[in-house]
Amino acid sequence: MLSKLSLSGTGYKLHQQISKALQQHSKAIQNTINCYNIQKVALNPPCLKILWKDIADYSFISEFDLLHHAWTDIWTNNWAKLAHHEATTKYFKLCQAHEEVMQLNVEICCLCTAMHTEEIQTTAVIQDLLILDQRLACKL
């Protein structure tokens, strides 16, 4: 099997791990092939039926044409057009700016409250110092 995958020079332990992984996943691959063959009828244009023996015989991924047959041109979709992409980017930046303005309004209120509280506390400390230490209070 490894000679088919061009991995014949691989060490024995790695060879065993790869073989074990292929055996473990072969059932999942077969189930996927069965699901694909059921769904392929709905594709436009209909695609070729895939058989497990065909996949097991492939030597390289380039021989596997599933993605080639299922490929559609995404550039015709609106989301792929440059103007739509730029408009979407600007829209989300605008949404982010609105969120930032709301957050800044909250922070401005907090800052104003902190400044007002600090002014009251500073005035109170100076008043206390005028009673206890007039020289220090004069310097403040």
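Residues numbered from 1 in each chain as written. Predicted model: local features only at pLDDT ≥ 70, side-chain atom pairs only at ≥ 80, totals over all residues. Heavy atoms only, no water.

Visitor: Hey, could you run me through the overall build of the protein in this one?
Guide: Scanning the protein for helices and strands turns up 5 helices and 0 strands. When its helices and strands are written in sequence order, the protein yields α-α-α-α-α. The buried share among the 140 residues of the protein stands at 9%. Considering only contacts within the protein whose residues lie at least 6 apart along the sequence, 16% involve residues at least 24 apart. (Helix = DSSP H or I, 4+ residues; strand = E, 2+ residues; numbered from the N terminus. Buried < 20%, exposed > 50% of the residue type's maximum accessible area, 1.4 Å probe, protein only. Contact = heavy atoms within 4.5 Å.)

Visitor: What is the right way to read the packing of aromatic side chains from this model?
Guide: Each aromatic ring pair is described using two quantities: the centre-to-centre distance and the angle formed by the ring planes. The full count for this structure, using the stated rule, is 1 aromatic pair. Taking the centre distance of 5.2 Å and the plane angle of 70 degrees together, the rings of Tyr91 and Phe92 count as edge-to-face. Judged by its relative accessible area of 48%, Tyr91 falls in the partly exposed class. (Phe/Tyr/Trp six-rings, centres within 6.5 Å; stacked < 30°, edge-to-face > 60°.)

Visitor: I tried to follow the state of the cysteines on my own but got confused; where do I start?
Guide: By definition, a disulfide links two cysteine residues through a covalent bond between their sulfur atoms. For the structure shown, the criterion picks out 0 disulfides. The thiol sulfur of Cys110 is not disulfide-bonded, and the nearest other cysteine sulfur, from Cys109, lies at 7.0 Å. (Disulfide = S-S within 2.5 Å.)

Visitor: It is not clear to me how a nonpolar patch on the surface should be interpreted in this structure. Could you clarify?
Guide: A cluster of nonpolar side chains, namely Leu130, Ile131 and Leu132, defines an oily patch on the protein surface of about 360 Å² accessible area. Relative to the helices and strands, Leu132 resides in helix H4 (residues 82-132). Judged by relative accessible area, which is 73%, Leu132 ranks as exposed. (Patch = residues over 30% accessible without salt bridge, like charges linked within 9 Å, V, L, I, M, F, W, Y side chains within 5 Å. Areas by Shrake-Rupley, 256 points an atom, 1.4 Å probe, with all protein chains shown as cover. Salt bridge = Lys/Arg side-chain N within 4 Å of Asp/Glu carboxyl O.)

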